[in-house]
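One letter stands for each residue in the lines below.
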Amino acid sequence: MFFLPASFLTEPLERLSQGRVLALDSQGSLWHGRTRLALHSGGQTEVARAALLPGELEWQVVAKDWFPPIMEVRFRGETLVPQAFSLQPGWDGLRLTPGTVSLPAEVLEATGAPFNSLKPGGMLFLSWTEASFLSGQWRAQGVLEWRDAHSVLSRVAPLGSYRVQWSIQNRQVQMELSSHSGPLFLSGKGQWNQGRWKMNGMAQAEPPQREALAPLLTWLGRQQPDGSVQWNMEQR
């Protein structure tokens, strides 16, 4: 067991994500190693894509206590993990300490439609305040931020900055979208269930930018009499 390779930790990650998270060029051992991660659309067709994430993910298994034995897996990465976090296995399940992962928004294209048409830009920051898998139940909550958002469908850049508050109860994820700043206002609610997400909401542009944002608003949905757009999106 002391000489188990890094793949002993990364291969379960690929299986748990159903092939959507890939570990590339893994080095080291189960106890201390590093890898490059990529997001994959999950499909098996010719259009299936993978997006390489920036930087490396490094981990180290350390002993917090020996009697009884308590181990902790610490994750860090200068680019990918600006706030290091730890995975803490226990007799009753798993706990994840608060952390943050940063990603270029372009990686969303690897998830397929609708992001492969939107071709997003900017930066994503995924953070959580608590996460656990105890007694067979998932529980977690956090925020996904999209900062300096832009898209190939609009010459307006940035479109704004947005936040998705999310929470996990067992296998279902509840999401609520809000706008933090920018000429394109977005709001909405949705769910992620059985590996797929679905959201609906409203979009509205500030009057000075309404004409410039018209192609993106048309792509999002049908315009209402008050100038707003009702939109519906789901992973396909």
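Residues numbered from 1 in each chain as written. Predicted model: local features only at pLDDT ≥ 70, side-chain atom pairs only at ≥ 80, totals over all residues. Heavy atoms only, no water.

Some details on the nonpolar core
Leu-80, Tyr-162, Leu-184, Leu-186, Leu-217, Leu-220 and Trp-231 are the most contacted members of the largest nonpolar core, which totals 51 residues. For this core, the element with the most residues is strand E14 (residues 196-205), which contributes 4 residues. Apart from the residues lying within four places of it in its own chain, the contact partners of Trp-231 are Leu-177, Leu-186, Ser-187, Gly-188, Met-199, Asn-200, Gly-201, Met-202, Ala-203 and Leu-220. (Core = buried A, V, L, I, M, F, W, Y, C linked by side-chain atoms within 4.5 Å. Buried < 20%, exposed > 50% of the residue type's maximum accessible area, 1.4 Å probe, protein only. Helix = DSSP H or I, 4+ residues; strand = E, 2+ residues; numbered from the N terminus. Contact = heavy atoms within 4.5 Å.)

Details of the pairing of strand E11 (residues 160-169)
Of the strand pairs in this sheet, strand E10 (residues 137-151) and E11 are connected by 9 bridges, and their pairing is antiparallel. If you follow Glu-145 over to E11, its bridge partner there is Arg-163. In terms of strand pairing, E11 meets strand E12 (residues 172-181) through 9 bridges, oriented antiparallel. Among the inter-strand pairings, Trp-166 is bridged to a residue of E12, identified as Met-175. The hairpin turn running from E11 into E12, its antiparallel successor, is 2 residues long, and Asn-170 in that turn takes a positive phi close to 60°. (Pairing = 2+ DSSP bridges.)

Looking at the packing of aromatic side chains
Under the definition given, this model contains 5 aromatic pairs. Here Phe-133 and Trp-138 contribute two aromatic rings whose centre-to-centre distance is 4.8 Å and whose plane-to-plane angle is 45°, an arrangement assigned as tilted. Here Trp-138 falls in the partly exposed class, since its relative accessible area comes to 40%. What links up through ring pairs into an aromatic cluster is the set Phe-75, Phe-85 and Trp-128. Directly above the ring of Phe-125 sits Arg-147, whose terminal nitrogen or CZ lies 3.9 Å from the centroid. (Phe/Tyr/Trp six-rings, centres within 6.5 Å; stacked < 30°, edge-to-face > 60°. Lys NZ or Arg CZ within 6 Å of the ring centre and 35° of its normal.)

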